[in-house]
Amino acid sequence: MKPLVAIVGRPNVGKSTLFNRLIGRRLALVEDQPGVTRDRHYADAVWGGRSFTFIDTGGFVPGEKDSLLQQVREQAQLAVEECDVIVFVVDGRDGVTPADVAVASYLRKSGKPVIVAANKLDNTTGTMQALAADFYKLGLGEVHALSAEHNLGVNGLFDEVVEKLPPKEEGEDDTAPPDDGIIRVAIIGRPNVGKSTLVNAILKEKRVVASDVPGTTRDPIDSPLEYKGKKLLLTDTAGIRRKKTIAHQVEKYSVIAALKVMERSDVAVLLMDATEPAVDQDAKLAGLAEERGRALVIVVNKWDLVDQDQRRQEAYRESLKHALKFVGYAPILFTSALTGSKVEKVVDVAVELAEQFRFRAPTPQLNRLLEHMVDNHPAPIARGKPLRLYYITQVAAAPPTFALTCNYPEGVPDMYKRYITNQLRKTFDLRVPIRLVFKERP
Ligand code: GDP
Ligand code: GDP
């Protein structure tokens, strides 16, 4: 699992601005996917030979109900419990505020490495440096002057983060889950949608305790099983050990649990509750699977509580497809974990998707397809130049990633990318995320 780096700080200090800078850098390395939800609070980074994930903990805090201080405290708590390094963002021009002091004392007690990022220091004159120095009073060690808006000091911040990361674990840089013949399936979803019940139903034995109390202290549980001659490992993200869980915090823990477990999974099974319409959190989890490039099965559970009507099911499917457009390739199933209805189907589909996830296309067939695509639907003119696509190869599996050589990589419109993606899906029957990389002909 990649180390997690948390960004904390009170509102308006520039966390989102900093975060967008970090995403900007990530996108320089990894091709962005059209249509993915914009509302993202985590970003992968590769720097100094390490890969790690930034989390904007501010993005998880609902806000309105709580006082400012309480909000920031909760973020800090989340950061301390879940993350390896904490970037504490403060407003360099405001100087030290009482909220900063409160959070600092909490962070100090945690013993986790903290970097104080004094933001909004837009030029490097002596006065700005003096402003930054004020924050040494917080007693957290290194203070780093920064201007997220003007992109000053961001590289230096990366360097410091890398320096404070825990030692590298073997295989840490692998962006794909291990290819050892075991199909790893992450069961994700909001609290109480029936994850543990589903795992139970699959295992057909009561090894996992289902509970009515959302977010009670249960650990993510790995269940190995053999199914139709295949080895599977199911991971139930239902529980992360929490001592004092505040009710509304449970939701964001399900996001972080999903993030952690998905990293090493081939397939994510996203459970939803049929009696509640798709909510933001469901979309967030689906977006997470798409961003991580993991195969996804959407499971509408508790279908026993809904009228068992075929038309109703189709209507539900359509509205879900609309709400989760950006994962339109993901199969949707309707289950009752409680009665066991369609539970086996979930496993069948997961196994099928795991195979597609590791699919490799023969290069000659790919290039015939490319010819066919360009003939049927010529590439558009991009900034005055006709776009030319020369050849295509598959450069990676898990998820399938294709490189296209062309005359003008930056000029490929999103619509044309979607066209290519859809053709690849159709031709090879891929209901998993697909990545495209455009390269200039050398
Ligand atoms: P968040 O609430 O902590 O996520 O803060 P935002 O990223 O939304 O930023 C709050 C305001 O501060 C916005 O108006 C930003 O444009 C501004 N801001 C962020 N970073 C800087 C910076 O480095 N310099 C200056 N002058 N303004 C900044
Ligand atoms: P988790 O928090 O996602 O792991 O959810 P649990 O598996 O603990 O289930 C929460 C509650 O929903 C329990 O009371 C389950 O018995 C109930 N439940 C789970 N699946 C179903 C289902 O398919 N139908 C019905 N009616 N109840 C279910």
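This structure is a prediction, so every number in the text was calculated from the model and none was measured. (Residues numbered from 1 in each chain as written. Chains lettered and ligands numbered in written order. Predicted model: local features only at pLDDT ≥ 70, side-chain atom pairs only at ≥ 80, totals over all residues.)

Draft legend 1. Seen up close, the overall build of the chain. The secondary structure content of the chain amounts to 12 helices and 17 strands. Taking all 442 residues of the chain together, the buried fraction comes to 40%. (Helix = DSSP H or I, 4+ residues; strand = E, 2+ residues; numbered from the N terminus. Buried ≥ 20, exposed ≤ 12 C-beta atoms within 10 Å, placed from the backbone.)

Draft legend 2. Spotlight on the sheet that holds strand S16 (residues 401-406). Pairing in this open sheet of 3 strands is mixed, and the strands run S15-S16-S17 from one edge to the other. The open sheet is flanked by strand S15 (389-396) and strand S17 (435-440), the only strands paired with a single partner. The average angle at which neighbouring strand axes cross in this sheet is 25°, direction not considered. Where S15 lies against S16, 6 bridges are found, and the strand directions are antiparallel. Across the sheet, residue Tyr 391 finds its bridge partner in S16, namely Thr 405. (Pairing = 2+ DSSP bridges. Axes fitted to C-alpha atoms, helices over the stretch in contact; angles between N-to-C directions.)

Draft legend 3. Summary view of the site of ligand 1. In the vicinity of ligand 1 lie 16 residues, with Gly 14, Lys 15, Ser 16, Thr 17 and Glu 149 positioned nearest. The leading source of residues in the shell around ligand 1 is helix H1 (residues 15-29), at 3 residues. The class makeup of the residues in the shell around ligand 1 is 3 nonpolar, 9 polar and 4 charged. (Near = placed C-beta within 6 Å. Nonpolar A, V, L, I, M, F, W, Y, C, P; charged D, E, K, R; others polar.)

Draft legend 4. Spatial organisation of the site of ligand 2. The local shell around ligand 2 holds 20 residues, among which Gly 194, Lys 195, Ser 196, Thr 197 and Ala 238 are the closest. Among the elements that make up the shell around ligand 2, the one with the highest residue count is helix H6 (residues 195-203) (3 residues).

Draft legend 5. Helix H3 (residues 98-110), seen in detail. A rise of 1.5 Å per residue sets the reference length of H3, with its 13 residues, at 18 Å; its end C-alpha atoms lie 19 Å apart and thus fit the reference within 8%. Taken together, the buried positions of H3 are occupied by Asp 100, Val 103, Ala 104 and Leu 107. Down the axis of H3, the buried side of the element spans an arc of 105°, and every buried residue falls inside it. Facing away from the buried surface of H3 by more than 90 degrees, the exposed residues are Pro 98, Ser 105 and Lys 109. Phi turns positive, to about 75°, at Gly 111, one or two residues after H3. (Expected span 1.5 Å × (residues − 1). Arc of directions from axis to C-beta.)

Draft legend 6. Focus on unusual backbone geometry. A cis geometry characterises the amide bond from Ala 398 onward to Pro 399, with omega recorded as 0°. As for its position among the elements, Pro 399 is in the loop between S15 and S16. Located in the positive-phi region is Lys 302, a residue other than glycine, with phi close to 65°. Residue classification places Lys 302 among the buried residues on the basis of 22 C-beta atoms within 10 Å. Non-glycine residue Ala 398 carries a positive phi angle of around 55°. Structurally, Ala 398 can be placed in the loop between S15 and S16.

Draft legend 7. Highlighting the pairing of strand S9 (residues 230-236). Taken together, the 6 bridges between strand S7 (residues 182-189) and S9 define a ladder with parallel strand orientation. The residue bridging Arg 184 from the neighbouring strand is Leu 233, located in S9. In this structure, strand S8 (residues 221-227) lies alongside S9, joined through 7 bridges in antiparallel fashion. Counterpart to Ser 223 in the pairing with S9 is Leu 234. Counted along the chain from S8 to the antiparallel partner S9, the turn is 2 residues long, and its residue Lys 228 has a positive phi close to 45°.

Draft legend 8. Representation of the sheet that holds strand S12 (residues 332-334) within the structure. Read from one edge to the other, the open sheet built from 6 strands follows the order S8-S9-S7-S10-S11-S12, with strand pairing classed as mixed. Strands at the two margins of the open sheet, each flanked by one partner only, are S8 and S12. Going across the sheet, the axis of each strand differs from the next one's by a mean of 25°, ignoring polarity. Across the sheet, helix H10 (residues 343-357) touches S7, S8, S9, strand S10 (267-273), strand S11 (295-301) and S12, and the angle it forms with S11 is around 165°. (Contact = placed C-beta atoms within 7 Å.)

Draft legend 9. Focus on the nonpolar core. Within the largest apolar cluster, 111 residues are counted, with the highest numbers of intra-cluster contacts made by Phe 88, Val 116, Val 267, Val 269, Leu 270 and Val 297. Examining the composition of this core, we find that 8 residues originate from one element, H10, more than from any other. When near neighbours in sequence (up to four residues on either side) are disregarded, Val 269 contacts Val 185, Ala 186, Ile 187, Ile 188, Val 297, Val 299, Val 346 and Ala 350. (Core = buried A, V, L, I, M, F, W, Y, C linked by C-beta atoms within 7 Å.)

Draft legend 10. Representation of the confidence of the model for the chain. Chain-level pLDDT for the chain is 82 on average; 82% of the residues reach the 70-or-more range. The secondary structure element of the chain with the lowest average pLDDT is H1, at 63, and the one with the highest is S11, at 98. A low-confidence stretch, residues 25-40 (pLDDT under 50), is modelled with 24 contacts involving residues beyond four sequence positions or located in other chains. Of the regions scoring below 50 in pLDDT, residues 60-64 engages in 9 contacts with residues more than four places distant in sequence or in other chains. For this predicted complex, the interface confidence reaches an ipTM of 0.64, while the overall pTM sits at 0.67. (pLDDT = per-residue confidence, 0-100.)

Draft legend 11. Molecular detail of the pairing of S10. Here S10 lies mainly inside the structure; 6 of its 7 residues are buried. Bridge analysis of S7 against S10 gives 5 bridges, and the strand direction is parallel. Paired with Gly 189 across the bridge in S10 is Leu 271. In the sheet, S10 pairs with S11 via 7 bridges, with the strands oriented parallel. Paired with Ala 268 across the bridge in S11 is Leu 296.

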